[in-house]
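Inside the fold
Residues per chain are reported as follows:
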Amino acid sequence: MRRLAVITTVSFALVPVVMLTAWSFAKGWYWPAILPRQWSTRAWDYLFSANSGIGSATLTSLGIAVAVTVLALLAAIPAGRTIAFREFPGKKQLLFFLLLPILAPPLASAMGVHVLFLRYGLADTNLGVILIHLVVAVPYATLMMIGSFSRFDPAFEDQARTLGASPPQVWMHVTFPAIAPGLAVAAAFAFLISWSQYLLTLLIGGGRVITLPVVLVNFQLAGDEAITAALSLLFLAPTLILFSAVAQFLEERP
């Protein structure tokens with residue numbers, strides 16, 4: 001029964017990928033044809049051409065997503081530790097405000113800070129896009145780290161310090177191994193949140209910061225199904241690689 005459930009789930013997950021692959025090579029695919037009657041590599045030739053700009057958009061997306069991931073973790077680790085271990089007045093209210101960027105529509109968050117970004121010259125820049133992505137990524141990463149630290153006993157750190165371990169040694173040999181699974185999941189969420197952003201990137205980037213989702217939506221609106229399908233597969237690749245890596249890492253944990 002378990003094997004059947006896995007096969008069914010994988011089959012449903014692969015159907016869109018198979019359809020996208022067929023669309024990316026289709027020269028024309030019209031009802032009621034089950035398969036395209038003509039095939040072409042036009043979409044992939046365009047993606048890998050030097051003048052398409054796809055490579056630049058992909059690198060921009062990767063750079064922004066990696067920066068957002070690193071900065072989100074730098075904020076989420078101390079925040080998650082503090083909220084998990086300490087009781088202080090206003091803790092419940094803080095958690096509510098932490099959830100606001102998740103509960104509110106992304107457009108509302110972006111519009112709320114857009115004026116400030118314009119005033120300080122952050123609009124239409126990569127830095128501005130990174131900052132607006134952090135508005136959404138940091139709450140998710142922090143919630144993941146709260147859950148990770150809540151299952152960690154800080155007494156182990158005290159024991160390590162008693163035995164003469166320095167703060168870096170305590171972090172590397174005690175704290176980090178204990179929170180590594182939560183850290184990996186938080187990093188994956190932060191990366192994917194940034195990688196998939198279209199509306200926030202378009203609003204703050206002003207059409208000057210060209211990421212892969214921006215290019216993808218432009219071709220979809222233009223009605224070019226073949227290039228849209230090829231771009232969708234390219235867009236899916238880092239997601240699949242990242243989830244596979246995280247799943248493998250979690251599986252190897254004791």
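Residues numbered from 1 in each chain as written. Predicted model: local features only at pLDDT ≥ 70, side-chain atom pairs only at ≥ 80, totals over all residues. Heavy atoms only, no water.

Along the protein, the regular secondary structure elements total eleven helices and two strands. Listed N to C, the secondary structure of the protein is α-β-β-α-α-α-α-α-α-α-α-α-α in terms of helices and strands. Its C-alpha atoms give the protein principal-axis dimensions of roughly 70 × 55 × 35 Å. Relative to its 254 residues, the protein shows a buried fraction of 38%. Put simply, of all contacts in the protein between residues at least 6 apart along the chain, 70% involve residues at least 24 apart. Carbon together with sulfur atoms contributes 69% to the accessible area of the protein, which is approximately 15,000 Å² in total. The distance from the centre of the 14 positive side-chain charges to the centre of the 10 negative ones in the protein is 4 Å. (Helix = DSSP H or I, 4+ residues; strand = E, 2+ residues; numbered from the N terminus. Buried < 20%, exposed > 50% of the residue type's maximum accessible area, 1.4 Å probe, protein only. Contact = heavy atoms within 4.5 Å. Areas by Shrake-Rupley, 256 points an atom, 1.4 Å probe, with all protein chains shown as cover. Lys, Arg positive; Asp, Glu negative; His and termini not counted. Charge placed at Lys NZ, Arg CZ, Asp CG, Glu CD.)

Checked against the element boundaries, His-133 lands in helix H6 (residues 126-150). When near neighbours in sequence (up to four residues on either side) are disregarded, His-133 contacts Ile-64, Val-68, Ser-194, Gln-197, Leu-200 and Thr-201.

The next point concerns the packing of helix H8 (residues 167-195) against helix H11 (residues 225-252). Packing of H8 against H11 leaves a shortest axis separation of 10 Å and a crossing angle of 175°. Considering the angle they form, H8 stands roughly antiparallel to H11. Packed against H8, whose contacting residues are Ala-180, Pro-181, Ala-184, Val-185, Ala-188, Phe-191, Leu-192 and Trp-195, the element H11 presents Leu-234, Phe-235, Pro-238, Thr-239, Leu-242, Phe-243, Val-246, Phe-249 and Leu-250 at the interface. Residue composition of the contact of H8 with H11, grouped by class: 16 nonpolar, one polar and no charged. (Axes fitted to C-alpha atoms, helices over the stretch in contact; angles between N-to-C directions. Parallel < 35°, antiparallel > 145°, perpendicular 65-115°, else oblique. Nonpolar A, V, L, I, M, F, W, Y, C, P; charged D, E, K, R; others polar.)

All chains considered together, the criterion is met by three salt bridges. Taking the shortest distance from any N to any O, the salt bridge between Asp-224 and Arg-42 comes out at 2.9 Å. Of the two residues, Asp-224 is situated in the loop between helix H10 (212-222) and H11 and Arg-42 in helix H2 (residues 42-47); the sequence distance between them amounts to 182 residues. Owing to a relative accessible area of 42%, Arg-42 belongs among the partly exposed residues under this scheme. Arg-161 is paired through a salt bridge with Asp-158; the nearest N and O atoms lie 2.6 Å apart. Here Arg-161 pairs with Asp-158, and both are found in helix H7 (residues 155-162), just three residues apart, close to one helical turn. You can call Asp-158 partly exposed: its relative accessible area is 41%. (Salt bridge = Lys/Arg side-chain N within 4 Å of Asp/Glu carboxyl O.)

For soluble globular proteins, the rule of thumb is that nonpolar side chains tend to be buried together. In this structure, Ala-72 and Met-145 are the most contacted members of the largest nonpolar core, which totals 33 residues. Listed by contribution, the elements that provide at least two residues to this core are helix H3 (54-85), helix H5 (106-119), H6, H8 and helix H9 (199-205). With ten residues, H6 is the largest single contributor of residues to this core. Ignoring any residue separated from it by four or fewer positions in sequence, one finds Ala-72 in contact with Leu-134, Ala-137, Val-138, Ala-141 and Ala-190. Listed in part, the 19 residues of the second largest apolar core include Phe-191, Ala-230, Leu-231 and Leu-233. (Core = buried A, V, L, I, M, F, W, Y, C linked by side-chain atoms within 4.5 Å.)

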